[in-house]
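An overview of the molecular structure
Below are the chains, spelled out letter by letter.
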Amino acid sequence: MRVLRAGARLRRRAQSDDLRAGLDANTLQRAIVDNLTYVQAVFPSLATTNDWYIALAHAVRDRLLGRWVQTVQTYVERDVKVVAYLSAEFLPGPHLGNGLGHLGIEEAARQAVTELGLDLDRLLEQEEEPGLGNGGLGRLAACYLDSLATLEIPAIGYGIRYEFGIFDQDIRDGWQVEATDKWLRYGNPWEIARPELSCEIKLGGHTESWADELGRHRVRWIPERVVRGVPYDTPIPGYRVGTCNTLRLWRAEACESFDVQAFNTGDYYGAVDEKIVSETLTKVLYPNDEPQMGKRLRLAQQYFFVSCSLRDMLRILDVTGVPVERLAEQFAIQLNDTHPSIAVAELMRLLVDERLVGWEAAWEITQRTFGYTNHTLLPEALETWPLPLFGSVLPRHLEIVYEINRRFLDGVRARHPGDDARAARLSLIDEHGEKRVRMAHLACVGSHAINGVSALHTDLLKQSVLRDFADLWPERFSNKTNGVTPRRFLAQANPELNALLTEHVGDGWVTALDRLRQLEPLADDAGFRRRWREVKRRQKERLAAHVASVAGVELDPDWLFDAQVKRIHEYKRQHLNVLHIITLYQRLKQGLGLDAPPRAFLFAGKAAPGYAMAKLIIKLVNAVAEMVNADPDVNRHMKVAFVPNFGVKNARLVYPAADLSEQISLAGKEASGTGNMKFAMNGALTIGTLDGANVEIRDEVGAENFFLFGLTADEVRATKARGYQPRDVYRADAPLEAAVDLLTTGVLSRGDRELFRPLVDALLDRDDYMLLADYRSYVECQETVSRRFADAEHWTRASILNVARIGKFSSDRAIREYCEDIWQVSPVHVALEGEG
């Protein structure tokens with residue numbers, strides 16, 4: 001402890017004019033040039049844009065590291081409880097702009113680089129976006145880390161340092177084409193490798209049992225191979241506070257990367273085989289798990305990062321002298337969906353096999369430590385693993401799962417004697433057909449708290465996929481509606497709106513979003529509404545320029561910008577949007593609807609590489625765009641554009657510019673959604689079903705400021721129970737029939753009548769997501785949208801009220817609820833230099 005205090009004194013003494021800590025423009029400028037020379041060994045006159053970006057990034061990182069060290073020191077000295085957030089995905093977005101904003105030095109940095117003859121916006125654009133997630137799940141995890149730090153909550157995020165993240169998306173001839181996401185090709189100035197904290201992780205092999213000298217039953221895991229997990233740390237700053245938490249991502253390496261014996265005998269490829277095999281583990285985000293090897297890799301990937309993370313927490317206990325029995329007092333571990341749920345079995349293995357804790361005591365520790373967040377209502381998305389596969393990758397864990405299940409089901413049968421059906425439904429092993437391990441069940445049994453991510457989602461969880469667990473342990477279930485960080489998605493993404501809001505309500509809204517309620521009276525102020533429209537139009541101009549450059553489609557900023565940007569999936573129903581576009585097109589060709597406000601339909605999102613139907617939907621969007629945009633009878637009234645490679649960087653162009661937010665999933669399918677929140681936070685009005693967080697958004701912003709259509713979740717169930725016949729709906733609605741029929745005429749596919757046949761057959765034969773049932777309601781609701789948009793004053797008022805009433809959907813609110821209800825973790829103030 002004396003060493004820590006002495007180090008703090010030396011740091012304070014050195015920071016009066018420290019190139020690594022000063023926040024003024026002059027010191028930043030000197031730091032940038034210093035980094036260029038002494039960190040990167042680059043002569044300024046020869047420096048590229050990327051060189052200058054790296055130099056600035058290091059200057060900002062240095063200022064974060066001072067806070068980071070102070071944060072860790074504070075946590076150690078105060079013996080705090082830490083939130084450990086385990087997630088297979090993190091989508092933090094670019095770090096540079098976030099760091100500048102959180103430190104409050106964006107203007108100083110702009111002045112510093114301008115005096116060096118540079119453009120800060122160009123340097124910001126230079127940063128590669130870490131593609132460490134597939135969409136909402138990873139972005140939510142990043143929002144939560146931001147809020148944890150901003151609220152001064154001790155926390156660490158654990159995940160995987162994928163060498164290649166979510167693919168880069170290109171569109172060729174209307175089809176999605178995937179390219180490797182080489183986000184690390186120029187290095188990553190934000191991370192710090194920690195090889196000294198590496199740990200070894202076992203995979204495959206078999207187990208052996210024996211009795212030790214005290215007569216205790218022991219199990220030894222003899223692995224087929226061992227890989228090394230190396231942590232890479234990224235500082236996660238809070239907004240204008242001293243707290244700077246950690247995102248720790250794990251990279252797989254070979255324990256022995258070079259086999260000298262093999263090399264010396266001429267087996268040059270064999271000499272590096274272990275390195276290649278081991279590093280494959282963290283090469284790519286979500287390998288295609290259709291083939292058996294893809295499934296093995298994905299399971300191994302999930303186990304790898306979970307085991308590394310748990311070992312790291314136990315190491316921290318050892319270093320700080322805390323006994324393992326106090327794990328739940330030191331860490332609150334949250335499982336972000338089912339991907340990390342193998343942590344339940346792994347913690348039991350570490351406690352029982354390696355720390356020699358008795359089973360009952362180990363199980364109590366495990367349950368007290370874990371919380372589980374479920375993110376899906378789709379049964380197929382609740383991960384399960386075939387027993388032979390699971391056992392071949394994790395033989396000891398299969399034994400542990402069996403033992404957990406045996407004890408659990410004994411308790412179930414004691415409470416419900418003779419109810420074998422209930423026991424079968426609750427079992428961790430699915431006995432129907434090919435036997436499989438149910439990972440969501442493992443997470444439920446091993447956690448003291450289980451939560452959904454919207455009020456509707458939580459209710460449906462308790463009524464459907466987790467009903468038996470809710471009956472068994474109702475006290476474990478709660479709702480924690482998702483939220484998004486207003487720092488990233490409003491303050492940074494929409495600086496002009498940020499300035500307008502701050503002018504009228506002060507800057508406190510950035511960390512207390514409810515303060516935007518003060519805008520409500522201004523919705524009736526004609527002058528304020530005019531300024532609001534001016535800001536929105538400039539954002540639309542920015543987006544229009546981007547769409548023209550990446551999609552080749554010219555858009556008029558005075559048109560209604562109608563946006564649906566999200567992962568491409570049948571349940572998200574992008575093709576319902578397309579059917580409406582086709583109907584509008586056909587009406588315009590008949591000379592109908594010419595007086596409606598012109599509209600630009602914007603799509604963006606990626607389809608999983610192995611998801612053929614989602615990729616066909618992208619092709620359909622682009623085929624319709626080609627038809628509409630080339631037709632002079634129509635393109636004065638509507639245009640369609642698909643914006644490729646959607647991510648956090650270009651999201652800052654889309655969310656601020658949208659007038660209408662499409663949240664049109666079938667009721668009961670979307671757990672929450674977060675795009676709906678980001679759009680509303682930037683003043684877009686929502687057209688949507690009563691699904692996910694749409695329900696709560698409508699409640700908050702007012703029914704009159706939300707365009708509602710479609711069946712409710714109860715109506716969906718009732719309609720299917722009666723025997724839903726989509727073909728009858730299709731035949732009874734002439735415009736719907738005409739829109740669907742166009743897909744097989746060849747008009748959209750250069751004469752190929754079969755190209756879109758799989759989509760048409762899916763709609764007419766099954767219509768699993770009930771597009772046809774909701775079509776008529778959707779089209780009529782869109783007519784209401786057009787009428788409302790024609791009244792600019794009325795629309796603007798509704799836009800203002802959406803922003804004013806969006807406070808509930810800040811991730812800060814969500815994190816406070818987790819802290820109070822699940823984690824029992826309190827804020828810990830980290831003093832900035834000069835405080836107290």
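Overview of the structure. (Residues numbered from 1 in each chain as written. Predicted model: local features only at pLDDT ≥ 70, side-chain atom pairs only at ≥ 80, totals over all residues. Heavy atoms only, no water.)

Turning to the environment of Ser811, a few remarks are in order. Within the element layout of this structure, Ser811 appears in helix α34 (residues 811-823). Measuring from C-alpha to C-alpha, the distance between Ser811 and Arg438 comes to 30 Å, with 373 residues separating the pair along the chain. Leaving out residues up to four positions away in the same chain, Ser811 has contacts with Cys143, Tyr144, Ser147, Gly483, Val484 and Thr485. At a separation of 2.6 Å, a polar atom in the side chain of Ser811 contacts the side chain of Ser147. (Helix = DSSP H or I, 4+ residues; strand = E, 2+ residues; numbered from the N terminus. Contact = heavy atoms within 4.5 Å. Polar contact = N/O pair within 3.5 Å; in protein donor to acceptor, adjacent residues only side chain to side chain.)

Our next topic: empty space enclosed by the protein. For the structure on display, the rule yields seven cavities of 30 Å³ or more. There is about 180 Å³ of room inside the largest cavity. Along the walls of the largest cavity sit 18 residues, with Pro92, His95, Asn98, Ile236 and Arg488 positioned nearest its centre. Looking at the lining of the largest cavity residue by residue, the class counts come to 10 nonpolar, five polar and three charged. Roughly 120 Å³ of internal volume is contained in the second largest cavity. Taken together, 14 residues form the lining of the second largest cavity, with Tyr53, Glu128, Trp183, Gly187 and Pro189 sitting closest to its centre. (1 Å grid on protein atoms, 1.4 Å probe; cavity = no way out; pocket = protein on both sides within 12 Å on 5 of 7 lines; lining within 4 Å. Points joined across faces, edges and corners; volume = space filled by probe spheres on them. Nonpolar A, V, L, I, M, F, W, Y, C, P; charged D, E, K, R; others polar.)

The next point concerns the environment of Ile581. Tracing the sequence through the fold places Ile581 in helix α23 (residues 574-589). Classification of Ile581 by relative accessible area gives buried; the value is 1%. Taking the C-alpha atoms as reference points, Ile581 and Gly746, separated by 165 residues in sequence, lie 17 Å from one another. With near-sequence residues (within four places) excluded, Ile581 lies in contact with Phe601, Phe603, Val624, Val628, Met638 and Val640. (Buried < 20%, exposed > 50% of the residue type's maximum accessible area, 1.4 Å probe, protein only.)

Another aspect to go through is the nonpolar core. Core analysis: the largest hydrophobic core is formed by 121 residues, its most contacted members being Leu86, Phe390, Ile404 and Trp823. In this structure Leu86 touches Tyr158, Phe305, Val306, Met313, Ile333, Gln334, Leu335, Asn336, Pro340 and Ala343, once residues within four positions along its chain are discounted. Listed in part, the 66 residues of the second largest apolar core include Val716, Leu763, Leu772 and Cys781. (Core = buried A, V, L, I, M, F, W, Y, C linked by side-chain atoms within 4.5 Å.)

On to the state of the cysteines, then. All told, the structure shown has zero disulfides when counted by the stated rule. No disulfide involves Cys308; its nearest neighbouring cysteine sulfur is the one of Cys199, lying 3.7 Å away. (Disulfide = S-S within 2.5 Å.)

The sheet contact formed by strand β7 (residues 206-211) and strand β8 (residues 217-222) spans six bridges and is antiparallel. Within β8, the position partnered with His206 by the bridge is Ile222. Hairpin remark: β7 followed by β8, antiparallel, with five residues in the connecting loop; positive phi at Gly215, about 80°. (Pairing = 2+ DSSP bridges.)

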